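Here is what each chain is made of, one letter per residue.
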Amino acid sequence: MRYSKFFGKTRHDPPCDAESINAKLLTQAGFVEKVAAGIYTLLPLGHLVFTKVCNIIREEMNAVDGQEILMPALHPIDLWEKTGRIKTMDDILYKTTASGNKKFVFGASHEEAVTPLAAKYVNSYKDLPMSVYQIQTKFRDEPRAKSGLLRGREFGMKDMYSFHTSEEDLDAYYERALQAYTNVYERCGLKSYATTASGGVFTDNLSHEFSIQTEAGEDTILLCEKCDSAQNLEIAEGNLVEPDNTEKEEEMKEVDVERGFSVADNAKAHDVPNYKILKTVVYEVEEEGFVGILIRGDLNVNDTKLENYFKKKLRSASPAQLKELGLVQGFISPVNNPADISFIADNSIKSVVNFVTGANALNKDLVNVNQGRDFQVKDFADLVEVRAGFKCKDCNNDLKEIKAVEAGNTFKLGTKYSENFGLNFTDQDGKSKPVIMGCYGIGTTRLIGTIVEAYNDDDGIIWPKSVAPYQIYLIGIGANEEADKLYEDLKSQGFEVLYDDRKDNPGTKFKNADLIGIPLRIVISNRTMENDSVEWKLRNESEAEMVKTTDLNNKISEFLNN
Ligand SMILES: [Zn+2]
C-alpha cells in the first residue's frame, strides 16, 4: 500500500483527551479514531491489526473444536428476564424500545442467545460435547470508559460456549480451553498469567482470569517466578515472614499515652516495630452483627478472604457504630472489651509475644498483651492480604507484585443457563438431564490496546511481528524509480509492505515509521544504491545495517519466519 493514498494518516500531536498510552499512540498513529468515550472507529491500520488478532484467536478456538457462528447483537428483552440478568446487570445494559413497543437489550454477553439456540439442536448425549464461538461486538454501559481500547462501551469480543454431559467432561475441555488462551496471548507476543478469579460470596472458584503484565493495568497480581504461577491480590495466599520474636511473656500493664490513631503512631509512641501492635478491626457482618478481627499491625485484612470465611457480606463498622458499641476508635482491644462481640484472629498473631494494644479508653494502651493469657479468640483463620514480601506457599520463593490488565476470562457455568432455558439432553440411561456449560471470553479490541501498552517506547508503537498491520515499512529517499520497483518486487514476493512514497523529508518519514511501529524498516536512496544495497532497521533495535538488494528477499523471509 502506498502511504500517499492511505486513509487515516498519523497526526503531528497526540489527541489532548487521551488518558492512556494505547489511546494516545493508536490515535496519533492513525489506527483508531474516537467517536465518544469508549467508542472507537478502527481505521485501515487498526483494522489490519484487528484482523490478525482475530485470526490468531480463530485458529486457536478451531484447534479446540470450536465452531464459528455469528449471533445477533440485539436480544429480545424476555431472554434477559428469563436469566434474571436484566436486574443483576442492569447498571451496564443498553436497552432500546423498537416499533410495536418491543423491547430489546444490546448484547453485553451471549448466554441469553446461545443457550436457547443450543436447545434447538441438542437432544441426546450423542449431540455432546459441542462448542461454538463468535467474534462479535459487545455493548456495556461502562462508567469508567477512559482507558482507550482497554475499557470500551462498544467493543470487540470473542466468546465461546461449550456444552457437556458431565462435570468431568467440562473439566477436561476447560483445561484445553485454558491452554488455547495461553497460546493466543503468546502468539500476540504477550506473557499471560491465569489466575483463579476471586470467588466472592456467591460463587466457588469456578473461573479464571488471564492477566497481562503492564503498568497501565488496574489489577494487582502476585507472581512466583520460580513456580511461574500468579494469584489475584484479592484472594492471594502466601507464607508470612515470621518476626524474630523470642522474648518471654512479661506482665501486662496499662500505660498512659498521647498518640495518633495509626499503627505507625502507635509503634512510635511505644518504640516497638509495627508488627508488635495488635490491630483490631471491627466489621459488621450481614445477619450476624459485629465481630472483631485481630491481625498484626504491619499487615492488613483481606476483605474477600473475610467474606469467604463468613460466607456473608460485611463492611467495616462506621465511627458512629463503634461509639454505639462503647468502643474508642484507635484504642480498641480484645482485652476486657466492653462490647459483646467475638474475636476472630488472623494466623499471624500466633507468633508474636508481648503485643501493644489499646485499652478501650482514650489515651490508654496495654503493653505485654499475650493471646491465651490476656484475651481469647473464637477462631483463627487466614485473613491476611498477601503482598510483595510474602513467600510463595508452594516453594517459599519471594512473591512479586505486578500491575496487570485482565485480557480474558473463563467460567464454568454449570447448569444455570441450561435450567433457565430448558436446555436438556437424554442421557445413555434414558433420563433427561440439564446440559453443563462453560464460557470463554477474550476482548479482541482490548487485546490490541494491551499489546500497545506492553510494546511501545518514546517514539511510538513496537508491534510484534504476528499482529503488525504490515511487515515492512519501505521508505524511498530520492531514487524514486528504484523505490517504486523495489515496492513492486516485495509485493510480488507476498510481503506486506507499507510504502512511504510521499515527497516529505526523510526525517518526517523516519518519525512516521517509528510512530506506526511496523517491525522492519527498509530505506532505499541514491546513496544506498551506489552499493546495490538498502538500509535495514528493526523497530525494536537501534542500529541499522546495509543489506545487498540481491540478499534482501532471503533475509526478509528469514526475519519473518523467526
Ligand atoms: Zn513458588
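Everything numeric here is computed off the predicted structure, so don't read it as measured data.

Peer 1: Sorry if this is basic, but what is going on with the overall build of the protein here?
Peer 2: Broken down by element type, the protein carries 15 helices and 31 strands. Its C-alpha atoms put the protein at 95 × 65 × 45 Å along the principal axes. Each of the 562 residues in the protein was classed as buried or not, and the buried ones make up 51%. Across the protein, every contact between residues at least 6 apart in sequence was considered, and the portion connecting residues at least 24 apart equals 69%. As displayed, the protein offers around 26500 Å² of accessible surface, 46% of which is attributable to carbon and sulfur atoms. With 67 positive and 89 negative side-chain charges, the protein shows a separation of 3 Å between the mean positions of the two kinds.

Peer 1: Help me understand the pairing of strand β28 (residues 497–500) in this model?
Peer 2: Put simply, side chains in a regular strand alternate between the two faces of the sheet. Alternating residues of β28 divide into Val 497 and Tyr 499 and Leu 498 and Asp 500, and every residue in both groups is buried. The pairing of strand β27 (residues 472–477) with β28 spans four bridges and is classified as parallel. Pairing of Ile 472 across the sheet is with Val 497, part of β28.

Peer 1: Sorry, what's going on with helix α12 (residues 480–492) here?
Peer 2: For an α-helix the count is 3.6 residues per turn, leaving residues at separations of three or four pointing the same way. For α12, with 13 residues, the first-to-last C-alpha span of 18 Å sits near the 18 Å given by 1.5 Å per residue. The inward-facing, buried residues of α12 contact β27, β28, β29 (520–525), β30 (533–538) and α15 (552–561). Just past α12, the residue Gly 494 takes up positive phi, approximately 90°.

Peer 1: Hey, could you run me through the sheet that holds β29 in this one?
Peer 2: In any sheet, the strands associate via hydrogen bonds between backbone groups, in a parallel or an antiparallel arrangement. Here five strands make up an open sheet; going across it, the order is β28-β27-β29-β30-β31 and the pairing mixed. The sheet is open, and its two borders are formed by β28 and β31 (544–548), each paired with just one other strand. Between one strand axis and the next, the sheet turns through 25° on average, direction left out of account. Of the pairings in the sheet, the one linking β30 to β31 comprises five bridges and is antiparallel in character. Bridge pairing in β31 places Val 534 opposite Val 547. On the sheet, α12 packs against β27, β28, β29 and β30 and is oriented at approximately 170° with respect to β28. The strands that helix α13 (residues 506–516) touches are β27, β28 and β29; relative to β27, the one it contacts most, it runs at about 175°.

Peer 1: Would you mind showing me how to read the coordination of the zinc ion here?
Peer 2: Each pair of donors in an ideal octahedron of six around a metal sits at 90 or 180 degrees, and each pair in an ideal tetrahedron of four sits at 109.5 degrees. Looking at the zinc ion, the protein donor atoms are Cys 224 (SG), Cys 227 (SG), Cys 392 (SG) and Cys 395 (SG), and they sit 2.2 to 2.3 Å from it. Note that the zinc ion binds four donor atoms; their angles at the metal cover 98 to 116°, and the shape is tetrahedral. Summarised as a motif, the one-chain spacing of the donors to the zinc ion is C-x2-C-x164-C-x2-C.

Peer 1: I keep staring at unusual backbone geometry and nothing clicks. Help me out?
Peer 2: The phi torsion of most residues other than glycine is negative, and most of the peptide bonds are trans. Cis rather than trans, the peptide bond between Leu 128 and Pro 129 has omega equal to -5°. If you trace the backbone, Pro 129 turns up in the loop between α5 (111–121) and β7 (130–139). One non-glycine residue, Glu 287, lies in positive phi territory at about 65°. Secondary-structure assignment places Glu 287 in the loop between β14 (278–285) and β15 (289–296). Here the phi dihedral of Asn 360 falls at roughly 60°; this positive angle occurs in a residue that is not glycine. By the element assignment, Asn 360 lies in strand β18 (residues 355–361).

Peer 1: Before we go on, may I ask you to explain the packing of helix α2 (residues 44–63) against helix α11 (residues 444–454) in this structure?
Peer 2: For any two helices packed against each other, one specifies the crossing angle of their axes together with the interaxial distance. Put simply, α2 and α11 touch, their axes get as near as 10 Å, and they point 110° apart. In this view, α2 runs roughly perpendicular relative to α11, as classed from their interaxial angle. Crossing of α2 against α11: the hand is right-handed. Between α2, through Gly 46, Val 49, Phe 50, Val 53, Cys 54 and Ile 57, and α11, the contact on the second element is made entirely by Thr 444, Thr 445, Leu 447, Ile 448 and Ile 451. In the contact of α2 with α11, the residues fall into eight nonpolar, three polar and no charged.

Peer 1: Sorry if this is basic, but what is going on with the packing of helix α1 (residues 21–28) against α11 here?
Peer 2: It is the contact of α1 with α11, at a shortest axis distance of 9 Å, that shows an interaxial angle of 95°. Classified by the angle their axes make, α1 and α11 are roughly perpendicular. Between α1 and α11, the residues in contact are Ile 21, Asn 22, Leu 25 and Leu 26 and Ile 448, Gly 449, Val 452 and Glu 453, respectively. Partitioning the contact of α1 with α11 into residue classes produces five nonpolar, two polar and one charged.

Rules behind the numbers
- Residues numbered from 1 in each chain as written.
- Predicted model: local features only at pLDDT ≥ 70, side-chain atom pairs only at ≥ 80, totals over all residues.
- Heavy atoms only, no water.
- Helix = DSSP H or I, 4+ residues; strand = E, 2+ residues; numbered from the N terminus.
- Buried < 20%, exposed > 50% of the residue type's maximum accessible area, 1.4 Å probe, protein only.
- Contact = heavy atoms within 4.5 Å.
- Areas by Shrake-Rupley, 256 points an atom, 1.4 Å probe, with all protein chains shown as cover.
- Lys, Arg positive; Asp, Glu negative; His and termini not counted.
- Charge placed at Lys NZ, Arg CZ, Asp CG, Glu CD.
- Pairing = 2+ DSSP bridges.
- Expected span 1.5 Å × (residues − 1).
- Axes fitted to C-alpha atoms, helices over the stretch in contact; angles between N-to-C directions.
- Donors = N, O, S within 2.8 Å, 3.2 Å for Na, K, Ca; no water.
- Tetrahedral: all angles 85-135°; square planar, octahedral: opposite > 155°, others 65-115°.
- Parallel < 35°, antiparallel > 145°, perpendicular 65-115°, else oblique.
- Left-handed = near helix turned anticlockwise from the far one by under 90°.
- Nonpolar A, V, L, I, M, F, W, Y, C, P; charged D, E, K, R; others polar.

So far we have only geometry, and geometry alone does not tell us how the molecule works.
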